[in-house]
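If you want the building blocks of each chain, they are given just below.
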Amino acid sequence: MRFIKSLLLMAWVVLTMASCAKIFYSQDAYQLAHQQKKIAIVPPTVTITPNKKIDADMMREQQRAESLNFQQEMYSWMLKRSMQGKISQEIQDPETTNVLLQKAGYPGSAITPDEICKVLGVDGIMTSSYHLAKPMSEGVAVAAAVLTGFMGTTNDVRVSLDIHDCSNSKMIWNYNHKFSGGIGSSPTRLVDELMREASKKMPYMNK
């Protein structure tokens, strides 16, 4: 029993980065990023690996809820960096962003990054996509850990995060990564870890 408790405690805090992040910068990324005065975080596109226990309507609702949740997580991280003086740009609050996008018919209608810039009235936008998967259930992971000592992955998050410069109508930065978590992890915790890592690489960060 003591072994199982120790194993679960260790697994609770385990978050792993499956591979090195792939990062793209345009040659003028830092210059353009620091010229931006106001930026917005667009609600992420979220896809979830299908689950036979969840019907299509419930899946769409879950994806919508996770999109808003992740957007708020990203906003909180950026706002925290702004308060610390590490980011000089003003960050549009998510409620304003979402209301303006809804009036423009997004996400029901396809809108280009350039069109989103005009709708939101900002100098730069952050867009992202997340794919969530559960390679194994918590129960299976616990059983595997007890039998083999191997702490299996219960949550995977694959992310693509972009920064677009509105004045030049182009993407200036892209971050691609995969984060995995063991027993006790959650997609929200993985996004928190993602932002912890990705924010260090953003051209918005003051050196």
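This section reports on the structure supplied with the text.

Procedures and definitions
- Residues numbered from 1 in each chain as written.
- Predicted model: local features only at pLDDT ≥ 70, side-chain atom pairs only at ≥ 80, totals over all residues.
- Heavy atoms only, no water.
- Buried < 20%, exposed > 50% of the residue type's maximum accessible area, 1.4 Å probe, protein only.
- Helix = DSSP H or I, 4+ residues; strand = E, 2+ residues; numbered from the N terminus.
- Arc of directions from axis to C-beta.
- Contact = heavy atoms within 4.5 Å.
- Pairing = 2+ DSSP bridges.
- Axes fitted to C-alpha atoms, helices over the stretch in contact; angles between N-to-C directions.
- Parallel < 35°, antiparallel > 145°, perpendicular 65-115°, else oblique.
- Left-handed = near helix turned anticlockwise from the far one by under 90°.
- Nonpolar A, V, L, I, M, F, W, Y, C, P; charged D, E, K, R; others polar.

With respect to helix α5 (residues 113–120)
Turning to α5, its buried residues number three or more, namely Ile-116, Cys-117 and Leu-120. Axial view of α5: buried residues confined to an arc of 105°, hence all on one face. Of the surrounding secondary structure, the elements contacted by the buried residues of α5 are β3 (38–41), α4 (94–103) and β6 (124–133). Backbone geometry just after α5 places Gly-121 at a positive phi near 65°.

Considering the pairing of strand β4 (residues 45–48)
Burial along β4 is one-sided: the face carrying Val-46 and Ile-48 is buried and the face carrying Thr-45 and Thr-47 is not. Here four bridges tie β4 to β6, and the two strands are oriented parallel to one another. In the sheet register, Val-46 faces β6, and the bridge partner there is Tyr-130.

So, the packing of α4 against α5
The relative placement of two packed helices comes down to the angle between their axes together with the axis-to-axis distance. Remark: α4 packs on α5, axes separated minimally by 9 Å, with the N-to-C direction vectors making an angle of 115°. Taken together, the axes of α4 and α5 are roughly perpendicular relative to one another. The handedness of the crossing between α4 and α5 is right-handed. Between α4 and α5, the contacting residues are Thr-97, Leu-100 and Leu-101 on the first element and Ile-116, Val-119 and Leu-120 on the second. The residue inventory of the contact of α4 with α5, partitioned by class, reads five nonpolar, one polar and no charged.

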